[in-house]
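# Close look at the chain arrangement
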Amino acid sequence: MKLSYQKDFILISLLALLSCFSSESLSKNNTSFDLEQEVSQENSKDSSNDLWGDDDWGEESNQSQLWQLSGFAEIGLGQFTQENVTGSNLSLSELRGQLDTKYSGDWFSFNAKGDLLVDEIIEEIDYDIRELNFAINTLDNTDLIIGRQVITWGTGDYLFLNDLFSKDWQSFFAGRDDVYLKAPNDAVRILHYLGDLTLDFVYSPKFTADRFLTGERFSFYSPFQQAIVAPNNFPVVTTESEQYSLRLATTINSVEYAIYGYEGFWTTPVGVYRQAGNFGESYFPKLNSYGASARTPAFGGLFHTEIAVYNSIEDNNGSDPFIANDQIRLLLGFELELASDVIGAFQYYLEHTQNYRALESTASDPARLVDENRQVITFRLTHLSFQQTLTSSLFVFYSPTDQDAFIKPSVTYRYDDNWQFSSGANIFIGEKEYTFFGQHEDNSNIWMRFRYSY
Amino acid sequence: MNRLIKKSMAVLMVPLSFFAHASDLTVDKIISKSNLAAYYTAKDGRAEARMMIVDKNGNKQMRQFTILRQDVEDAGQQNMLVVFSRPTDVKGTVFRVEKHVSQDDNRWLYLPALDLVKRISAGDKRTSFVGSHFYYEDVSGRNPKEDDFELLRETDKSYVIKGIPKDPESVEFSYYQVSVDVDTFIPMEVIYFDNQDKAIRKMTVIKTQKIQGYTTVVHARIEQLGDGSFTEMQFRNIRYDLNLPATVFSERSLRNPPTKWLK
């Protein structure tokens, strides 16, 4: 649903959200007032019960045991640090309200989680249903989740190999909460447990693409125009076909092993249509993949590795310059607690493009092609302080082959159980305008968010 | 004659048994009994817990969760599942631990909003448990093999024991002093000292309760003595010997917490 935008909507929505909270807190106060007498009797027995005030383990009534309701409201603001062809200097300007509700029945649960968004950048009021599903979880060896859901697997940190569930790169670049990096999927998920073996199967009746950059919020490099562009209209031919994902996992002697399979499409439009009607438009070519991963404690830290083989089946021999080639993706990572509350993590990522010669011979500008062996090194440093209320984090992607980098510093301060403030930056550095991170240099931005959870 | 012997034996036996009581219990034995009483009660159990974390400025934060525990062997491997219910930003987070004695623990964290199963490096056990003043080690139990012990004194109520870490580099304190209840073997107070003999941290049991015959801590407090910040933890709805199936402590429970045992 997209309503036509008016400036007043922001104000109206803000008021609506605020009134929502005040009535929420009012009703809480009422309930706790009722409970006060009951609790105060206990107080006299226990000297330090003042500490808990009238908190009664958060229980309001039997009804609320079945229905759980929570959520948050958030203001997010961000600004580009340099001129951007998007024409706006805003990278984030939104008011977001989330409502999360769960009904726990005897043999199932119903989960609904949705965001209402007043987005100044796209000048729209929008909603985003993140979860709307039934979960059947009382079967002997099988869990079933049917409906809209967020799904994640694999071992990478901000790097995905066998996880081909949809990502939201716009959110990731804009400094929204990390949670929004994963976009929801409409799917049927079957988790079957056979002894120590987990069989995880996901069927999506309709392909879900990533929320990739379109020019609406961020600019990017166009190989056809050989320039940084931010088109108002980014025509993409969508597909409505099915997607299948499979994971088989087990743990032996503290080592987690998994194998993966996928049949579907590239989740970003890495193909260009050449049929009449949609000529020149981007689309999602077919993709099959398989891979494996392992994760284990080692040398006092955690080691993980993952491999994925991408079969871009519409261009198996790599001769079509308008469709992405086959790839082999490899990941090695190590995480270690460097000191108390300081965690360091390192990853090495390799993206090997297959049939590279064929790609070179047909490419219009071979000099601007991605390296045959694109490599990325990532480094994460996380520091928790002030009783873990302040989280400082630095994440760096650096590619020696592309000679570009993406630096994500952030701080999050949790003032109390309701209020949270975060701020950070997304800094892109690159020598060339056509490399993976380099093309986003003008998208570099700083952001901050205030959140109230209830 | 027989009766006389029996009588005199009985008289002799009383002081002897007293003597035996004190001498039998070496300090290591007390510690081992205390470890069992505090962390290995029954073969399994569940409890609801809540923590109030108060910083030096008086700001409060709360955590509420349900713990399920299963002992694979007494004083040995244990499985734990911690399911958070409050506050909103941690609701649905599940923490799973396979506690080992002779190797590093395995720890996983499930973040529901991302559907992410995160493995956590065993790392430093003396880091805060979810932002509280309780360390991981306070929650899951410090391995008695990490310390050398010395019985300082014995009163009617408690054994007062000094624990000195074998590897001083691995901890933030120089030594600690624990008061173990003579009857229940519950450690009722632990005070940690720095190398200048200054008390820096103190754990106090505020309340215990007998549950299914087992003395159980239902209210405890940890203070950071330097700045006055502290955390209190309370337990309720505690039940033991539930015959929890081993499958409760598996990957499945991260995504699908075992409601049957949590309610």
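Residues numbered from 1 in each chain as written. Chains lettered and ligands numbered in written order. Predicted model: local features only at pLDDT ≥ 70, side-chain atom pairs only at ≥ 80, totals over all residues.

Here we take up the overall build of chain A. When helices and strands are counted, chain A shows four helices and 24 strands. Buried positions account for 32% of the 454 residues belonging to chain A. Within chain A, contacts between residues at least 6 apart in sequence are counted, and of these 56% link residues at least 24 apart. (Helix = DSSP H or I, 4+ residues; strand = E, 2+ residues; numbered from the N terminus. Buried ≥ 20, exposed ≤ 12 C-beta atoms within 10 Å, placed from the backbone. Contact = placed C-beta atoms within 7 Å.)

Moving on, we get to the interface of chain A and chain B. The interface of chain A with chain B comprises 36 residues on the first partner and 39 residues on the second. A per-element tally of the side of chain A that touches chain B places strand 18 (residues 327–339) of chain A first, with three residues. Partitioning the side of chain A that touches chain B into residue classes produces 13 nonpolar, 14 polar and nine charged. (Nonpolar A, V, L, I, M, F, W, Y, C, P; charged D, E, K, R; others polar.)

Take the sheet that holds strand 14 (residues 271–272) of chain A next. All names here are of chain A. An order of 11-15-14 is seen for the three strands of this open sheet, with the pairing classed as mixed. With partners counted over all chains shown, the strands left at the sheet margins are strand 11 (236–237) and strand 14, one partner each. When strand 11 meets strand 15 (residues 282–283), the two strands line up parallel, connected through two bridges. Bridge pairing in strand 15 links V236 to S282. (Pairing = 2+ DSSP bridges.)

Here the focus is the pairing of strand 23 (residues 419–430) of chain A. Residue and element names in this part refer to chain A. Direction of pairing for strand 22 (residues 404–414) relative to strand 23: antiparallel, over a ladder of nine bridges. Across the sheet, R414 pairs through a bridge with Q420, a residue of strand 23. Hairpin connection between strand 22 and strand 23: a loop of four residues separates the two successive antiparallel strands. The pairing of strand 23 with strand 24 (residues 445–453) spans eight bridges and is antiparallel.

Turning to the environment of G175 of chain A, a few remarks are in order. Residue and element names in this part refer to chain A. With respect to the helices and strands, G175 occurs in the loop between helix 3 (169–174) and strand 7 (185–194). For the pair G175 and M448, spaced 273 residues apart in sequence, the C-alpha separation works out to 7.8 Å. In this structure, G175 is in contact with G78, L92, G424, N426, N445 and W447, ignoring residues within four places of it in sequence.

Membership of the largest hydrophobic core comes to 24 residues, with the highest contact counts inside it found for F134, I161, V178, V180 and V190 of chain B. Put simply, the parts of the chain that give this core at least two residues each are strand 1 (44–54), strand 8 (158–165), strand 9 (175–181), strand 10 (187–193), strand 12 (214–224) and strand 13 (230–240) of chain B. Among residues more than four places away in sequence, those in contact with V180 of chain B are I30, S34, S158, Y159, I161, F185 and P187 of chain B. Y283, Y310, L331 and F428 of chain A belong to the second-largest nonpolar core, a separate cluster that totals 18 residues. (Core = buried A, V, L, I, M, F, W, Y, C linked by C-beta atoms within 7 Å.)

Before going further, it helps to spend a moment on the confidence of the model for chain B. Residue and element names in this part refer to chain B. Confidence in the prediction of chain B, expressed as mean pLDDT, is 88, and 90% of residues score 70 or more. This model gives residues 14–20 a pLDDT under 50, and the stretch forms zero contacts once residues within four places in sequence are excluded. Reported for the predicted complex are a pTM of 0.87 and an ipTM of 0.86. (pLDDT = per-residue confidence, 0-100.)

As a note on interpretation, predicted positions should not be read in detail where pLDDT is low. When the pLDDT values of chain A are averaged, the result is 86; 88% of them are 70 or greater. Here residues 1–47 of chain A is a poorly scored stretch, pLDDT under 50, and it has 34 contacts once near neighbours within four places are set aside; other chains count.

With an omega of -5°, the peptide bond running from R86 of chain B to P87 of chain B counts as cis. Examined against the element boundaries, P87 of chain B turns out to sit in the loop between strand 3 (78–86) and strand 4 (94–99). With a phi angle near 50°, N355 of chain A is a residue other than glycine that sits in the positive phi range. The residue N355 of chain A is located in the loop between strand 19 (342–353) and helix 4 (356–362) in this model. What makes N355 of chain A partly exposed here is the crowd of 16 C-beta atoms within 10 Å.

Next up on the list: the pairing of strand 11 (residues 199–211) of chain B. Residue and element names in this part refer to chain B. Looking at chain direction, strand 10 and strand 11 are connected through five bridges and run antiparallel. Opposite E189, over in strand 11, you have T204 as the bridge partner. Connecting strand 10 to the antiparallel partner strand 11 that follows it, the hairpin turn spans five residues, and D197 within it adopts a positive phi of roughly 60°. Here strand 11 pairs with strand 12 via 10 bridges, running antiparallel. The partner of M203 across the bridge, within strand 12, is I222.

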